Amino acid sequence: MSNNEKPQKTTDLHIGDAVPGCKKKDPMLVIDHVKKTFGGLTAVDVEHLEIPSGVITALIGPNGAGKTTLFNLLTGFDTPDTGAWSFMGTSLSGVPSFKVAQMGQVRTFQLTKALSLLTVIENMKLGAKGQSGESIFRALFPGFWKKQDEDIEVKAMELLKRFKLDTKKDDFAASLSGGQRKLLEMARALMTDPTLVMLDEPMAGVNPALTQSLLDHVISLKGEGMTVLFVEHDMHMVRHIADWVVVMAEGKVVAEGPPETVMKEQAVIDAYLGAHQETDLGEVTGRINIIKGEDK
Amino acid sequence: MDWGSILNNTLAGFLTPTTIAFALAALGLAMHFGFAGLLNFGIAGFMAIGGYGYAISVLTFGLPWWAGMLVGVLGSVVFALILGIPTLRLRGDYLAIATIAAAEIARLLFLTTAFTDVTGSADGLFGFNSRPDGSGFQNSNPIPQGTYGFGPFTYNEQTLWVLVFGLIVLTVAVWFLWALMRSPWGRVIKGIREDEEAVRSLGKNVFAYKLQALVIGGVFGALGGIIYTAAQNISPGVYVTSLTFFIWTSLLLGGAATIFGPVIGAVIFWVIQAFLSNLLPALSTSGILPVSTTQASTLRFVLVGIGLMLLVIYRPQGIFGDKRELTFVK
């Protein structure tokens, strides 16, 4: 599918065996006993989990495994019943979501949240941190923020070019297609200069060609020194770009490890991948005759 | 029918203290709803607090007029904080319910006989614009006694003073809103209107921004109430829920997410009101409308309701709204 050279994987991230909850050499996020229940349903119950810094970690698992809930908990969009977690050594328990984002841990959403009636460039500029014109008193006098705003615009345009949205800059975000909104949301998140980027299904609903360029963007984030944690169902993508994979099922971490090994674990196949992972769907359903052994 | 007098009275609706008061209050709603997406159905409450804050400070506490007006503004700030702190964390619809209830509570507090000494109860308050000790608003009137203007725009020195003062306040308010909305602050506010979770995920303190927007819009509402009160006596019967909806009509006429829309909307609203309140009774007296004169003048409110419905269905972005917005209305 890709004729790019294979991205350099980072290996040797963990200490000891790659078992659920294993220690990492350089953890960025450390999660302890985080539990969240909705009525009788335990959505998330993570004993211990460490997310390594400077690499791309994929969070996979069946629908309802608690991946998005864990995202919400880690970013302060939801509060757990019990538990503690820290980001680069700072405890994040009880820290409101906007402060989490200010600390450099930024997220995107599964259901894309483009700000529809703002233009693409306004969406982007909103992402920049530490804007003096966002304080109400300085906002009244452009002298305080004009220069900074121009610098932000330059930076926003560079990012938009990278994401091929620069021609859309003055259009309302509402006029973008679903895939373009995904791109815009990711680009906007990057405007905050994050340390940790958390992407919730960045490839869902994006066409194959665009997936390719999104993949390159995600890999380039790692190249720029950012840590990436993402939720994804596309196993090709996970295998292609993830350095580390965490598998969740029924709220618990059931396996973790480098993608090559973790996807062969029986627990992962049972809980998530299914026995027919490598088989063509036509063969599974028996509706199409598959000619085997040719140009695969 | 006397078309001359109907036309004259209609034109007079262009510039009255009431028109200016409506424009200010609609500007407050533009801040709340048009830009920040806060559903405030209690703008009449903010106006009442502005007006009563001014009148009570002058009559009961003997403050000079400008200090009284400042008290009215501060009162609306406190009202916005009381309203906003518990409700702004909730979804938008809850704010709508809380504001409509809070505005009614404010009105009933001014109406109840328990505080007649201070509020004048159902009779309201009067005599605060001109004070025997010379500290009243009209005592500071720099305009010499006389009649000014021409045709439908003829005013005595008292009305003219309210108009001049009101226009200055309105100009400052328009500038303030314009300056805010072109700034990065305005960008955050508009972002919150679209999706507050997204804005929160970018590290903005959404609650603080919403509270600021609520306070600013509330102050505009209070200023509207103050200008209204500076031109006449104050009575609780004015600040009923229908006042809120008239101001909503003005806002939606002009365009909710615009700066000049609310001002022009208020003018159009009052010109139409003046036109209908003169035309309909005249039609009834000349036998064209088969209703009594009283019924005819109430009919205009029915027409306002129909107009409001047609407006939100066919032109939700208002007269001055961006046409592109309509394409993407959710």
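Computed from a prediction, not measured in an experiment: that's the story for all the values here.

Let's shift gears to the packing of aromatic side chains. Across all of its chains, the model carries 22 aromatic pairs over all chains by this definition. With 5.1 Å between their ring centres and 75° between their planes, W65 of chain B and F137 of chain B make a pair best called edge-to-face. In this pair, W65 of chain B is assigned in helix α4 (residues 65–87) and F137 of chain B in the loop between α6 (116–119) and β1 (147–150), connecting sequence segments 72 residues apart. Residue classification places W65 of chain B among the buried positions, given a relative accessible area of 13%. Classification of F137 of chain B as buried rests on a relative accessible area of 0%. Judged by centre distance (5.6 Å) and plane angle (90°), the rings of F269 of chain B and W270 of chain B are edge-to-face. On the accessibility criterion, W270 of chain B (22% relative accessible area) is partly exposed. By the ring-pair criterion, three or more aromatic residues cluster together here, those being F22, F246, F269, W270 and F301 of chain B. The side chain of R107 of chain A reaches across the aromatic face of F77 of chain A, ending 5.1 Å from its centre.

Residue and element names in this part refer to chain A. Domain boundaries assigned for chain A yield domain 1 (14–114 + 193–283) and domain 2 (115–175). One C-alpha centre belongs to domain 1, the other to domain 2; they are set 29 Å apart. Across the contact, ten residues belong to domain 1 and eight residues belong to domain 2. Both faces combined, the contact of domain 1 with domain 2 buries some 660 Å², and carbon together with sulfur accounts for 43% of it. Among the residues of domain 1 in contact with domain 2, A114, D193 and H217 are the three that bury the most area, contributing 67% of the side total. On the surface where domain 1 and domain 2 come into contact, there are two salt bridges. R162 is the salt-bridge partner of E224, the closest N and O atoms lying 3.3 Å from each other. Residue assignment for the side of domain 1 that touches domain 2 shows that the elements contributing at least two residues are α2 (97–102) and α7 (208–223). At three residues, α7 tops the list of elements feeding residues into the side of domain 1 that touches domain 2. The class makeup of the residues in the side of domain 1 that touches domain 2 is three nonpolar, four polar and three charged.

What follows concerns empty space enclosed by the protein. Where empty space is left becomes clear once a probe the size of a water molecule has been rolled over the atoms. A full pass over the atoms with the stated rule returns two cavities of 30 Å³ or more. Within this model, the largest cavity holds a volume of roughly 60 Å³. Going through the elements one at a time, α6 (178–190) and β9 (196–200) of chain A are the ones with two or more residues in the lining of the largest cavity. Element by element, the count of residues in the lining of the largest cavity is highest for α6 of chain A, at three residues. Quantified by volume, the second largest cavity comes out at close to 30 Å³. Forming the boundary of the second largest cavity are T75, F77, S97, V100, A101, Q105, V106 and R107 of chain A together with S201 of chain B. If you list the elements that add at least two residues to the lining of the second largest cavity, you get α2 and β8 (105–107) of chain A. When its residues are assigned to classes, the lining of the second largest cavity shows four nonpolar, four polar and one charged.

Conventions adopted
- Residues numbered from 1 in each chain as written.
- Chains lettered and ligands numbered in written order.
- Predicted model: local features only at pLDDT ≥ 70, side-chain atom pairs only at ≥ 80, totals over all residues.
- Heavy atoms only, no water.
- Phe/Tyr/Trp six-rings, centres within 6.5 Å; stacked < 30°, edge-to-face > 60°.
- Helix = DSSP H or I, 4+ residues; strand = E, 2+ residues; numbered from the N terminus.
- Buried < 20%, exposed > 50% of the residue type's maximum accessible area, 1.4 Å probe, protein only.
- Lys NZ or Arg CZ within 6 Å of the ring centre and 35° of its normal.
- Domains from an automatic or database assignment.
- Contact = heavy atoms within 4.5 Å.
- Buried area = accessible area lost by both parts, 1.4 Å probe.
- Salt bridge = Lys/Arg side-chain N within 4 Å of Asp/Glu carboxyl O.
- Nonpolar A, V, L, I, M, F, W, Y, C, P; charged D, E, K, R; others polar.
- 1 Å grid on protein atoms, 1.4 Å probe; cavity = no way out; pocket = protein on both sides within 12 Å on 5 of 7 lines; lining within 4 Å.
- Points joined across faces, edges and corners; volume = space filled by probe spheres on them.

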